[in-house]
Amino acid sequence: LVVAGYTTKDAKTGEELFYNESTVFIRGSGGFGGSPKPTAPRPKGATAAYNPPKRQPDVVVEEKTSEDQAALYRLNGDR
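A short tour of the structure in this document, coming up. (Residues numbered from 1 in each chain as written. Predicted model: local features only at pLDDT ≥ 70, side-chain atom pairs only at ≥ 80, totals over all residues. Heavy atoms only, no water.)

## Section: the overall build of the protein chain
Looking only at helices and strands, the protein chain has two helices and two strands in total. When the elements of the protein chain are put in sequence order from the N terminus, they spell out β-β-α-α. In the protein chain, the proportion of contacts linking residues at least 24 apart, taken out of those at least 6 apart, comes to 12%. (Helix = DSSP H or I, 4+ residues; strand = E, 2+ residues; numbered from the N terminus. Contact = heavy atoms within 4.5 Å.)

And the structure:
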């Protein structure tokens, strides 16, 4: 489990604007060193399982991509 956190600050004032955290589960990997346990406390919302509401979605949007979508993507700089 790899947890990376980033605090974004205002360049002029240094004020903290927001914090982003991402978690990646990497199966079969290891050897990174460091503690096998979390080194910093994390909010419960960051580790709690998401329980979706038991109701119909508010809205459903379905869109079809064009037949030439892959070609356009490649022409726009995919390397």
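Anyway, onward from the coordinates.
## Focus: the pairing of strand β2 (residues 16-24)
Within a regular beta strand, the side chains point alternately toward one face of the sheet and then the other, so they alternate between its two faces. Here strand β1 (residues 2-9) pairs with β2 via eight bridges, running antiparallel. Across the sheet, the residue bridging to T7 is Y19, located in β2. (Pairing = 2+ DSSP bridges.)

## As for the pattern of salt bridges
For the coordinates displayed, the defined rule picks out one salt bridge. Across the pair D58 and R55 runs a salt bridge, and its minimum N-O distance is 2.8 Å. Assigned by exposure class, D58 and R55 land together as exposed. (Salt bridge = Lys/Arg side-chain N within 4 Å of Asp/Glu carboxyl O. Buried < 20%, exposed > 50% of the residue type's maximum accessible area, 1.4 Å probe, protein only.)

## Notes on a nonpolar patch on the surface
A surface patch of nonpolar side chains, about 340 Å² in accessible area, is lined by L1, V3 and F25. Locating F25 in the fold gives a position in the loop between β2 and α1 (44-47). Assessed through its relative accessible area of 61%, F25 is described here as exposed. (Patch = residues over 30% accessible without salt bridge, like charges linked within 9 Å, V, L, I, M, F, W, Y side chains within 5 Å. Areas by Shrake-Rupley, 256 points an atom, 1.4 Å probe, with all protein chains shown as cover.)

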